[in-house]
Amino acid sequence: MQNVAGVAAVIPAAGVGSRMGLSEPKQYLQLAGQTVLEHSVAAVTSDTRVQAVYIAIAADDQRVTSLNLKSHCDIHFVQGGSSRAASVLAGVKQAQVDGFTTVVVHDAARPCLQADELSAVISAGLSNADGAILALPLADTVKRACSDDSEAAKRIATSVARDNLWRALTPQVFNAEQLCQALEQLGADNPSITDEASAIELLGGHPLLVPGRQTNIKITQPGDEQLATLYLTTLFKEPTCV
């Protein structure tokens, strides 16, 4: 088992969130009186085992100076890269330099993580050699579209059996050295790396799946911010992400 005293959070926040169609990155949207990033940092530090946070930001990001990041943890900013994996790698490397052996990678745009979800995935990640991730079993029927159709007019090619299929969420918890080596060996710009777990999987690892909640949404498409605001302001009896 890894040393629980060496846990740090890494938050990749260098992206622009182009799918939202906004004039500013989605992590700086105001929800319930705080930015999405402020909510996400508060959420991922609700477990006292997390002792520091490394936020990977774009080189020209000036908005961070206005953030109000209240936490028991030390907050550090590192320069992110051209891809999510590159930004995560930058944060993990700095966490290693500072002596942390375990990293909790969390999306900047997931402000509604709850404390018991975080606690469960950290405990699972510390007890499994290949780490652990929050995830949800697929409940909806999944359709594969015809590859030769335009994006504007897709036809169904086939239905995909959803047995044993899960939707990956964050946080994702790994040994810092293992994740760093995986990202460096595969290449941080490798298109096959769609999340941190995929890098571990590509090298033969088998992270644990820890059931999360539907409320742990990622703000990706227009309208997601309204749902997140609803969760933050009305649905949580004991909010951990405000």
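Residues numbered from 1 in each chain as written. Predicted model: local features only at pLDDT ≥ 70, side-chain atom pairs only at ≥ 80, totals over all residues. Heavy atoms only, no water.

**Focus: helix α2 (residues 84–97)**
Taking 1.5 Å of rise per residue, 14 residues should cover 20 Å, and α2 covers 20 Å from first to last C-alpha, within 8% of that figure. Of all the positions in α2, only A85, A86, S87, V88, L89, G91, V92 and A95 are classed as buried. Of the surrounding secondary structure, the elements contacted by the buried residues of α2 are β1 (7–13), β4 (50–57), β5 (74–79), β6 (102–105), α4 (176–186) and α5 (196–202). Two residues or fewer past α2, G99 is found with a positive phi of approximately 95°. (Helix = DSSP H or I, 4+ residues; strand = E, 2+ residues; numbered from the N terminus. Expected span 1.5 Å × (residues − 1). Buried < 20%, exposed > 50% of the residue type's maximum accessible area, 1.4 Å probe, protein only. Contact = heavy atoms within 4.5 Å.)

**Points about unusual backbone geometry**
With an omega of 15°, the peptide bond running from T170 to P171 counts as cis. Here P171 shows up in strand β10 (residues 166–175). Even without a glycine there, the phi angle at A32 is positive, about 50°. For A32, the location among the structural elements is in the loop between β2 (30–31) and β3 (34–35). At N164, a residue that is not glycine, the phi angle is positive and equals roughly 65°. In this structure, N164 sits in the loop between β9 (156–160) and β10.

**Side note on the environment of A109**
Within the secondary structure, A109 sits in the loop between β6 and α3 (115–127). For the pair A109 and P12, spaced 97 residues apart in sequence, the C-alpha separation works out to 9.4 Å. The contacts of A109, once residues within four sequence positions are left out, are K26, V36, S40, I217, K218 and I219.

**Details of the packing of aromatic side chains**
Following the criterion strictly, the structure yields one aromatic pair and no others. On the numbers, 6.2 Å between centres and 75° between planes, the contact of Y54 with F100 is edge-to-face. Of this pair, Y54 sits in strand β4 while F100 sits in the loop between α2 and β6, and the two are 46 residues apart along the sequence. (Phe/Tyr/Trp six-rings, centres within 6.5 Å; stacked < 30°, edge-to-face > 60°.)

**Regarding the side chain of H106**
Mapped onto the elements, H106 comes out in the loop between β6 and α3. There is a polar contact of 2.9 Å between the side chain of H106 and the backbone oxygen of R110. Separated by 2.8 Å, the side chains of H106 and T170 make a polar contact. Beyond its immediate chain neighbours, meaning those up to four positions away, H106 contacts V10, I11, P12, S40, V44, L113, T170, P171 and N216. (Polar contact = N/O pair within 3.5 Å; in protein donor to acceptor, adjacent residues only side chain to side chain.)

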